[in-house]
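Coordinates in review
Letter by letter, the chains look like this.
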Amino acid sequence: MKSQFSPESLMMSHGYDPKLSEGAIKCPIFQTSTFVFNSAEEGKAFFEVAYGLREQEKDEKLGLIYSRLNNPDLEILENRLCLWDEAEDCAVFESGMSAISTCLMEFLKPGDLLLYSSPVYGGTDHFINHILTKFGIHVVGFYPDSTKEEIESIIIDSGHSDRLAMIYIETPANPTNSLIDMQMCRQIADQFAKEEQPVYLAVDNTYMGPLWQHPLKHGADFVLYSATKYIGGHSDVIAGACLGSKENMTRIKGLRTFLGNMAGPWTGWLLMRSLETLKARMELQALNAAKVAEFLRSHPSINKVYYMGFLKEDNPAQYEIFERQCNAAGAMISFEIEGGEAEAFQFINQLKLVKLAVSLGSTESLIQHPATMTHAGVDPGEKQRIGIKENLIRLSVGVENPDDLIWDLKQALTLELDLA
Ligand SMILES: *Cc1c(COP(=O)(O)O)cnc(C)c1O
């Protein structure tokens, strides 16, 4: 027996015992709200552990009680997700937003300070600035190009540095692919931590994970995913996940039980199916993206291409971070087209194969216009500051034949030129 199989080899079987399901090779959908106990004593024992009335004994398995607490489709999925990030435990949710909001709510309390990187996902930005603040949590942002000294000043100038409780980042930043140094964030967190107040580092890894970046190895306490994106990968399910230490995940799962925002069995089953092809899909997407990015860079109507595969030439300082914390350039490309909004729209409207939709990480290629779509709510000055120009277009590269994708982009750019 090989001591350690790779995650991609285990995605079809890990954590599932066919003997418990009539020999079915695939984990069935356990479409059930509740589970029958073998005896009253067993029911009592399961609740004691689930409600933390006593410690779980060494070989004691957590019994199935009720699908808001646990369900085989979720537990097996969580075990499989742990393999990619080498996490101790994982909690899955019915959306990325519920994973993110549950993590923030469990580890922040009134009076605490949250430091976050800007831009973050629009829903996250709203939750931080409009929901957390209602509960008396102080929030302050920094930019991907802020230096360590600048970030320290931001924390101190907030007047709440003694209550810094969490640093929340998204790297690479959407839509410009700017990288934030996780090691630096860890150092800052440790600098402000006190014995009675740890400073947690949470990383939204949706853009790069779980294949291309593993934040727990770079000092993060939490990895968060919108599993709607690469993990689900087929634009047919909304889901989320949070990974970290056993201890922290016990707290997250506790709050999840009481908010009731766990993923349902059908979502769990869909994601297990998706995980079987995760590596094959993501690797093909990254290969396609490299070809598409080369094409875009060589086209006279494209002014600038934001693609991590070009960092070595474009930005040595960012490349140093890239080398340290990413193991591939990913499949997200943003680019500036010659002209403004009108030219960007004309180009997008001409596409035949690439679909005009928000979201990312799916089998089909998706294109959108950040300034008027995903980042429409960002104020004009902030847009300018983070590089969301009127001519910026974001492309999520899928698994199509790359020649077809390039053909499509080229014909749309040619028509665009003719119209000009
Ligand atoms: C989509 C997305 C989210 C939100 O996830 P949902 O599954 O839509 O709730 C959070 N963060 C990032 C980076 C995303 O792309």
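Residues numbered from 1 in each chain as written. Predicted model: local features only at pLDDT ≥ 70, side-chain atom pairs only at ≥ 80, totals over all residues. Heavy atoms only, no water.

Looking at an unreviewed UniProt entry, one finds the chain named Methionine-gamma-lyase and attributed to Reichenbachiella faecimaris. Per UniProt, the comment on the chain under Cofactor (unreviewed entry) is "pyridoxal 5'-phosphate". Per its UniProt entry, the chain bears the Sequence similarities (unreviewed entry) comment "Belongs to the trans-sulfuration enzymes family." (UniProt positions renumbered as here; feature names shortened; annotations may be inferred.)

When helices and strands are tallied, the chain shows 15 helices and 12 strands. For 420 residues, the compact-globule estimate of 2.2 N^0.38 gives 22 Å, and the chain sits close to it at 22 Å. Reported as C-alpha extents along the three principal axes, the dimensions of the chain are approximately 75 × 55 × 40 Å. Taking all 420 residues of the chain together, the buried fraction comes to 53%. Contacts in the chain between residues far apart in sequence, at least 24 positions, make up 73% of those at least 6 positions apart. Only carbon and sulfur atoms are counted for the fraction: they give 54% of the accessible area of the chain, which is about 18,800 Å². If the 36 positive side-chain charges of the chain are averaged to one point and the 57 negative ones to another, these points end up 3 Å apart. (Helix = DSSP H or I, 4+ residues; strand = E, 2+ residues; numbered from the N terminus. Rg over C-alpha atoms; globule rule 2.2 N^0.38 Å. Buried < 20%, exposed > 50% of the residue type's maximum accessible area, 1.4 Å probe, protein only. Contact = heavy atoms within 4.5 Å. Areas by Shrake-Rupley, 256 points an atom, 1.4 Å probe, with all protein chains shown as cover. Lys, Arg positive; Asp, Glu negative; His and termini not counted. Charge placed at Lys NZ, Arg CZ, Asp CG, Glu CD.)

Okay, the site of the ligand next. In the vicinity of the ligand, 14 residues are found, and the nearest of them are Met97, Asp204, Ser226, Thr228 and Lys229. Gly96 places a main-chain nitrogen or oxygen 2.9 Å from an oxygen atom of the ligand. Protein chains shield 93% of the accessible area of the ligand, which is 380 Å² for the free molecule. Across the shell around the ligand, the residue classes tally to six nonpolar, five polar and three charged. (Near = heavy atom within 4 Å. Polar contact = N/O pair within 3.5 Å; in protein donor to acceptor, adjacent residues only side chain to side chain. Nonpolar A, V, L, I, M, F, W, Y, C, P; charged D, E, K, R; others polar.)

A word on the sheet that holds strand E1 (residues 89–93). Ordered by their spatial adjacency, seven strands build an open sheet running E1-E7-E6-E5-E4-E2-E3, and the pairing between neighbours is mixed. Lying at the two open borders of the sheet, with one neighbouring strand each, are E1 and strand E3 (138–142). Across the sheet, the axes of successive neighbouring strands diverge by a mean angle of 20°, strand direction being ignored. Contacting strand E2 (113–117), E3 and strand E4 (164–170), helix H5 (residues 122–131) crosses the sheet at an angle of about 155° to E2. (Pairing = 2+ DSSP bridges. Axes fitted to C-alpha atoms, helices over the stretch in contact; angles between N-to-C directions.)

In terms of domain boundaries, the chain breaks down into domain 1 (67–275) and domain 2 (278–419). One C-alpha centre belongs to domain 1, the other to domain 2, and the line joining them spans 25 Å. In this complex, domain 1 contributes 35 residues to the contact, which on the side of domain 2 involves 40 residues. Carbon and sulfur atoms make up 57% of the area that domain 1 and domain 2 hide from each other, which totals about 3,300 Å². The three residues of domain 1 that bury the most area against domain 2 are Leu179, Trp212 and Tyr230, which together make up 24% of that side's buried surface. The tally of links between domain 1 and domain 2 comes to two salt bridges. (Domains from an automatic or database assignment. Buried area = accessible area lost by both parts, 1.4 Å probe. Salt bridge = Lys/Arg side-chain N within 4 Å of Asp/Glu carboxyl O.)

Right, let's talk about the packing of aromatic side chains for a bit. Summed over all chains, the structure comprises 11 aromatic pairs. Relative to Phe222, the ring of Phe107 lies with its centre 4.7 Å away and its plane at 50°, an arrangement referred to as tilted. Taken together, the positions of Phe107 in helix H4 (residues 96–107) and Phe222 in strand E6 (residues 222–226) put the pair 115 residues apart, joining distant regions of the chain. In this pair, the class of Phe107 matches that of Phe222, namely buried. Plain terms: the ring middles of Trp212 and Tyr230 are 5.3 Å apart, the flat faces sit at 75° to each other, and that makes the pair edge-to-face. Placement of the pair is Trp212 in the loop between strand E5 (200–204) and E6 and Tyr230 in the loop between E6 and strand E7 (240–244), with a sequence separation of 18 residues. (Phe/Tyr/Trp six-rings, centres within 6.5 Å; stacked < 30°, edge-to-face > 60°.)

Glancing now at the environment of Thr133. Tracing the backbone through its elements, the reader meets Thr133 in the loop between H5 and E3. With relative accessibility at 34%, the residue Thr133 sits in the partly exposed group. In this structure the C-alpha to C-alpha distance between Thr133 and Met282, which are 149 residues apart in sequence, comes to 37 Å. In contact with Thr133, other than residues within four places in its own chain, are Ile128 and Val139. A polar atom in the side chain of Thr133 sits 2.7 Å from the backbone oxygen of Asn129.

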